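Structural characterization, general
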Amino acid sequence: MPTFDTIFANVTALAHRDDLDVQLNIRCNVDHENYESVSLLLQKLADEGLQNKIRFYVAPIHSWGNDAHTRSLTKEEFAEWEIAWFGEMINLGFPMGFIPEVKPIVCMAVTPNAELVDAYGNIFNCTEVSYVPTYGTPNEYAIDHLSGKEMPGKRDRLGNFNDRVRQGEYPCSTCPMLPVCGGACPKSWLEGIAPCPSAKHNIEQRLLLTYALSRIEQEESSLQQASTARRN
């Protein structure tokens, strides 16, 4: 596809620039139609020598005020494929990190003073609701307006997410993954779509991969030290 070729060429050229200090993150969104092509993309990136110049990750498509999530893989299917992609990335030489970090603040929605202003002056406390026709005119999630006119949304609608988790309204309160996902997306929970991260379904495999890689690195380090000692 011409668009893909153009974007890929630009990314490759930028990644190989030595005079620029940039970090390139490539997110590959997958559904039932394209998940089998991730391996081809990984190979293409590796063929261009981009393993150590980019951060690559795969994410399932999700609802954006529509039914896009119905075309996605199930949570379990995605988690299983993700481990396979991790293995391919290791073989191709991509630097890997499998263990999610602690997330004390899940998103701007739970930050009392955080605001997003769109081009029309609408103010939100969520990054995924502006310009979405499904949410009406005026947007039902708009909590304020630069002009001062009253808007239908209320900050607490998403802003009290942590309180709802604490009160047990969502299963997050008893989930061992809560410290590293923060409950994921308050809006998704509100709309009845569980946004649990893939790590919830493959954390054991992630831990095993991390352990295996650490053992390999230790053995390689020991062999290198032994070789150096023999030469000296």
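Attention here is on the structure that accompanies the text.

**Overview of unusual backbone geometry**
Following T137, the chain continues into P138 via a peptide bond in cis, with omega recorded as 0 degrees. Along the chain, P138 turns up in the loop between β4 (122-124) and β5 (144-145). One non-glycine residue with positive phi stands out, namely Y131, at about 65 degrees. Topologically, Y131 is positioned in the loop between β4 and β5.

**Topic: the pairing of strand β2 (residues 54-60)**
In this structure, strand β1 (residues 24-30) lies alongside β2, joined through 7 bridges in parallel fashion. Considered in β2, the bridge of N25 is made with R55. Running through helix α2 (residues 38-47), the crossover from β1 to the neighbouring parallel element β2 is right-handed.

**Comments concerning helix α8 (residues 199-231)**
The end-to-end C-alpha distance of α8 is 45 Å, a good match for the 48 Å that 33 residues give at a rise of 1.5 Å each. Most pronounced at Q205, the bend in α8 amounts to some 35 degrees. For α8, every residue scored as buried is listed here: A199, N202 and R206. Where the residues of α8 are buried, they touch α3 (75-92).

**Remarks on the sheet that holds strand β3 (residues 116-117)**
Spatially, the 3 strands line up as an open sheet ordered β3-β4-β5, and their pairing is antiparallel. Each edge of the open sheet carries a strand with a single partner, namely β3 and β5. Looking at chain direction, β3 and β4 are connected through 2 bridges and run antiparallel. Residue pairing across strands places V117 opposite I123, the latter belonging to β4.

**Remarks on the nonpolar core**
V30, V38, L45, I54, F56 and V58 are the most contacted members of the largest nonpolar core, which totals 21 residues. Mapped by element, the contributors of at least two residues to this core are α1 (2-15), β1, α2, β2 and α3. Element by element, the count of residues in this core is highest for α2, at 5 residues. In contact with F56, other than residues within four places in its own chain, are I26, C28, V38, L41, L42, L45 and M89. Formed by 10 residues, the second largest nonpolar core is a distinct cluster that contains C126, V129, Y135 and Y141.

**Overview of α3**
If you check α3, its first and last C-alpha atoms are 26 Å apart, about what 18 residues at 1.5 Å a residue would give, namely 26 Å. Within α3 the residues assigned to the buried category are F78, A79, E82, I83, W85, F86 and M89. When α3 is viewed along its axis, its buried side chains cluster within an angular range of 165 degrees and face the same direction. When the buried face of α3 is taken as reference, the exposed residues oriented beyond 90 degrees from it are E80 and N91. Contact partners of the buried residues in α3: β1, α2, β2 and α8. G93 lies just past α3 and shows a positive phi near 95 degrees.

**Concerning the side chain of S188**
With respect to the secondary-structure elements, S188 resides in helix α7 (residues 186-190). On the basis of relative accessible area, S188 is assigned to the buried category, the value being 14%. The residues touching S188, leaving out its near neighbours within four places in the chain, are I193 and P195.

**With respect to the packing of α3 against α8**
Two numbers describe how α3 lies on α8: the axes approach to 9 Å, and their chain directions differ by 15 degrees. Considering the angle they form, α3 stands roughly parallel to α8. Our pair here, α3 against α8, has a crossing hand that is right-handed. Mapping the contact onto sequence places K75, E76, A79, E82, I83, F86 and I90 in α3 and H201, N202, Q205, R206, L209 and L213 in α8. Of the residues contributing to the contact of α3 with α8, the split by class is 6 nonpolar, 3 polar and 4 charged.

**Thoughts on the pattern of salt bridges**
Applying the stated rule across the entire model yields 6 salt bridges. Here D19 and R17 are joined by a salt bridge, their closest N and O atoms 2.7 Å apart. Here E115 makes a salt bridge to R155, at a shortest N to O gap of 3.4 Å. Here E115 is found in the loop between α3 and β3, whereas its partner R155 is found in helix α4 (residues 155-159), with 40 residues between them in sequence. For E115, a relative accessible area of 47% corresponds to the partly exposed category.

Thresholds, definitions, all that
Position numbers for residues count from 1 along each chain, tracking the sequence in the order it is written. In keeping with the predicted nature of the model, local features appear solely for residues at pLDDT of at least 70, side-chain atom pairs appear and are counted solely at 80 or more, and the whole-chain, interface and lining totals rest on all residues. Based on all heavy atoms of the structure, the side-chain values leave hydrogens and waters out of the count. By the criteria applied, helices consist of DSSP H or I runs no shorter than four residues and strands consist of E runs no shorter than two, each listed in order from the N terminus. Whether two strands pair depends on DSSP finding at least two bridges between them. We call a crossover right-handed when, viewed with both strands directed away from the observer, the connection leading from the first strand over the helix to the second proceeds clockwise. Multiplying 1.5 Å by the residue count of a helix minus one yields the expected span of that helix. Here the bend at a residue means the angle between the axes of two seven-residue stretches, the one that ends at it and the one that starts at it. We call a residue buried when its accessible area falls under 20% of the maximum for its residue type, exposed when it is over 50%, and partly exposed in between, using a 1.4 Å probe and counting protein chains only. Throughout, a residue-residue contact means that at least one pair of heavy atoms, one from each residue, lies within 4.5 Å. In this description, a nonpolar core means a group of buried Ala, Val, Leu, Ile, Met, Phe, Trp, Tyr and Cys residues linked to one another through side-chain atoms lying within 4.5 Å. Here the arc refers to the directions that run from the helix axis out to each C-beta atom. Comment: axis = line fitted to C-alpha atoms, over the contacting stretch for helices; angle = value between 0 and 180 degrees taken between N-to-C directions. In this scheme, roughly parallel covers angles under 35 degrees and roughly antiparallel covers those over 145, while 65 to 115 is roughly perpendicular and the rest are oblique. Here is the rule for handedness: rotate from the far helix to the near one, and if that takes an anticlockwise turn smaller than a right angle the crossing is left-handed, while a clockwise turn gives right-handed. For this scheme, ten residues count as nonpolar: Ala, Val, Leu, Ile, Met, Phe, Trp, Tyr, Cys and Pro. Four count as charged, namely Asp, Glu, Lys and Arg, and the remainder, Gly too, count as polar. Here, a salt bridge means any side-chain nitrogen of Lys or Arg that lies within 4 Å of a carboxyl oxygen of Asp or Glu.

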